[in-house]
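Topology and contacts: notes
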Amino acid sequence: MLSFFRVSHWPPPRVLAFGFALIILLGGFLLALPFSSIEGSTTPFIDAVFTATSATCVTGLVTVDSGSHWSLAGQIIIICLIQVGGLGFMTMSTLIAILLRKRISLKERLILQEALNQTNIEGIVRLIRKVLLYSISIELAGATLFAIRWSFEMPLGKAIYFGAWHAISMFNNAGFDLFGSFGVPFVSFMGYVNDPIVNLVTNLLIILGGIGFIVMSDIMDYRIHKRLSLHSKVVLSMTGILLAIGTIVIFILEYTNMKTLGELSWPGKIMASLFQSIAPRTAGPNTIDLAALRQATQFFIILLMFIGASPGSTGGGIKTTTFATLIGAVAAMIRGKDDIVMFKMRLARERIFKALTITMLSLALVIVVTMLLATTEDHPFIMILFETTSAFGTVGLSLGLTPQLTTIGKVFICLTMFAGRLGPLTLAYALGPRTEKELYRYPEGKITIG
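Residues numbered from 1 in each chain as written. Predicted model: local features only at pLDDT ≥ 70, side-chain atom pairs only at ≥ 80, totals over all residues. Heavy atoms only, no water.

**Comments concerning the overall build of the chain**
What counts here: Secondary structure follows DSSP: runs of H or I at least 4 residues long count as helices, runs of E at least 2 residues long count as strands, and numbering of each begins at the N terminus. For each residue, the accessible area found with a 1.4 Å probe, counting protein chains only, is set against the maximum for its type, and the residue is called buried under 20%, exposed over 50%, and partly exposed in between. Each accessible area is a Shrake-Rupley estimate made with a 1.4 Å probe; only the visible protein chains count as cover when residues are assessed.
Regarding its fold elements, the chain presents 19 helices and 2 strands. Looking at the chain as a whole, 54% of its 450 residues are labelled buried. As presented, the chain carries roughly 21,800 Å² of accessible surface, and 67% of it is formed by carbon and sulfur atoms.

Okay, here's the thing in structure tokens:
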């Protein structure tokens, strides 16, 4: 029991979990102070911690509007939490160590391996350098394009600030926005549903942040090696398939809904359908009123949020590779094959077991939290399930329930966002005891399945 409190003996998952928890508590404390709100008054601690959790876990669910409640200082605290939460506090610590020319220890490399979902520590520091370079470059490009676009409707200084703030938020798949400062709270990007520039830049930032740094590194090195890893092929193909299916399904289901796509032009319908297909991949902004969507569309978005982004990215969910592995297992079983084969390569058995474990733990978490919220919140079940899945997938899309949550409901959603950001399996490793390797195996038995 004493070993649980000895930090030097902690496994990497436990270090990650407690590191994120400390950042959230520090952020919550700062946001609760009077200087963080526009009115100069103290923000209720539960709302401050909720916002800090949502920012650090790059979710986007909020109980108070980011643009109209928080002061400039509060907004800067939030965007710093988003950047640290998106890249990971160990990545930021490594950046400082690199700048100070300090050696990265083996323990730190193991923690980085866990944070980036790597299978080994070889080249981990080199990957961190690439992560930082890609992140800064993409965020800077996005900030520039946003600033140019918004300079036509707001002062240049504000346009630059809005551009930088939203570029960081969108790339890290956080979904926070400041458009509530224009008088309508919780409006998100609905004012830009027909704007091709804002749609294009936002979509690209979300996709680049969601495919993962491993894939980005693979793509950048393609001209040298002339090949992509199996991981990158699976991520890119599954991302493309999900985006295409999502766009088509949302377009069909909402085509005649006058409260969403019905009144838009054909280009507007396509842009809105694509945006709402990309956003559930753990990003969070929306260009149409989600509460006005048909229930079939809302449930379909729940499925997209549960799948989420890709490993080693700024997003959550069970991940695209996990979903692809499950699909592969079903296909192999139906065809009577013993192996899951993707792009002429066979998956190891432990990858299949890990995918099943992650999916079952994630499903159990969503079910339990949904049942708990159904007892504490007096709202339609689809709204509760939507909010819970959004919190687990660190998405941030909402049907309007979050600002109306009771205190205990806010606590449940906070814990769900935390578990979703770390991943249920990592959290289980972090809180569970260290297990010893078994020295024996039980005899094989048979049960009837199906």
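**Notes on the side chain of Thr43**
Condition: Note on contacts: a residue pair qualifies if any of its non-hydrogen atoms lie within 4.5 Å across the two residues.
If you trace the backbone, Thr43 turns up in the loop between helix 1 (12-32) and helix 2 (45-56). On the basis of relative accessible area, Thr43 is assigned to the buried category, the value being 2%. When sequence neighbours within four positions are dropped, the list of residues in contact with Thr43 reads Leu31, Ala32, Ser37, Ala48, His69 and Trp70.

**A few points about the nonpolar core**
Cut-off, in case you're wondering: Nine residue types can take part in a nonpolar core, namely buried Ala, Val, Leu, Ile, Met, Phe, Trp, Tyr and Cys, and a core is a set of them joined through side-chain atoms within 4.5 Å.
With 94 residues, the main nonpolar core has Ile82 and Trp150 as its most contacted residues. Per element, the largest residue contribution to this core is 8 residues, and it comes from helix 7 (residues 124-150). The contact partners of Trp150, leaving out residues within four places of it in the chain, are Ala159, Phe162, Gly163, His166, Phe179, Phe189, Tyr192 and Val198.

**Remarks on the pattern of salt bridges**
Close approach of charged atoms allows side chains of opposite charge to pair. Under the convention used in this document: The salt bridge definition used is simple: a Lys or Arg side-chain nitrogen within 4 Å of an Asp or Glu carboxyl oxygen.
Taken as a whole and judged by the stated rule, the model has 3 salt bridges. Put simply, Asp47 and Lys410 hold a salt bridge, and the shortest N to O gap is 2.8 Å. Remark: Lys410 occurs in helix 18 (residues 407-422) and Asp47 occurs in helix 2; sequence separation between them is 363 residues. For Asp47, a relative accessible area of 9% translates into the label buried. Note that Arg149 and Asp195 form a salt bridge whose closest N and O atoms lie 2.5 Å from each other. Pair noted here: Arg149 is in helix 7 and Asp195 is in the loop between helix 8 (156-171) and helix 9 (196-211), with a separation of 46 residues, a long-range link. No difference in accessibility class separates Arg149 from Asp195, as the two residues are buried. Several salt bridges converge on common partners, so that one network encompasses Arg149, Glu153 and Asp195.

**Looking at empty space enclosed by the protein**
Test applied: A 1.4 Å probe that fits into a set of points on a 1 Å grid over the protein atoms alone but cannot get out defines a cavity; an open set with protein on both sides within 12 Å along at least five of seven lines defines a pocket, and lining residues are those with an atom within 4 Å of a point. Grid points are joined across faces, edges and corners, and a volume is the space filled by probe spheres set on the points. Gly is put with the polar residues, along with every residue not named as nonpolar or charged; the nonpolar set is Ala, Val, Leu, Ile, Met, Phe, Trp, Tyr, Cys and Pro, and the charged set is Asp, Glu, Lys and Arg.
Applying the stated criterion across every chain yields a total of 1 cavity of 30 Å³ or more. Considering the residues around the largest cavity, the lining is formed by Ile206, Ile207, Gly210, Ile211, Thr239, Leu243, Ile278, Arg281, Ala309 and Ser310. At the level of secondary structure, the elements contributing two or more residues to the lining of the largest cavity comprise helix 9 and helix 12 (230-254). At 4 residues, the largest contribution of residues to the lining of the largest cavity is made by helix 9. Looking at the lining of the largest cavity residue by residue, the class counts come to 6 nonpolar, 3 polar and 1 charged.

**Remarks on unusual backbone geometry**
One non-glycine residue, Val58, adopts positive backbone phi at about 40°. You can see Val58 is positioned in the loop between helix 2 and helix 3 (66-69). The exposure class assigned to Val58 is buried, which follows from its relative accessible area of 0%. Unlike most non-glycine residues, Ser188 shows phi in positive territory, near 55°. Along the chain, the position of Ser188 falls in the loop between helix 8 and helix 9. A residue is classified by how much of its surface remains accessible, and Ser188, at 6% relative accessible area, is buried.

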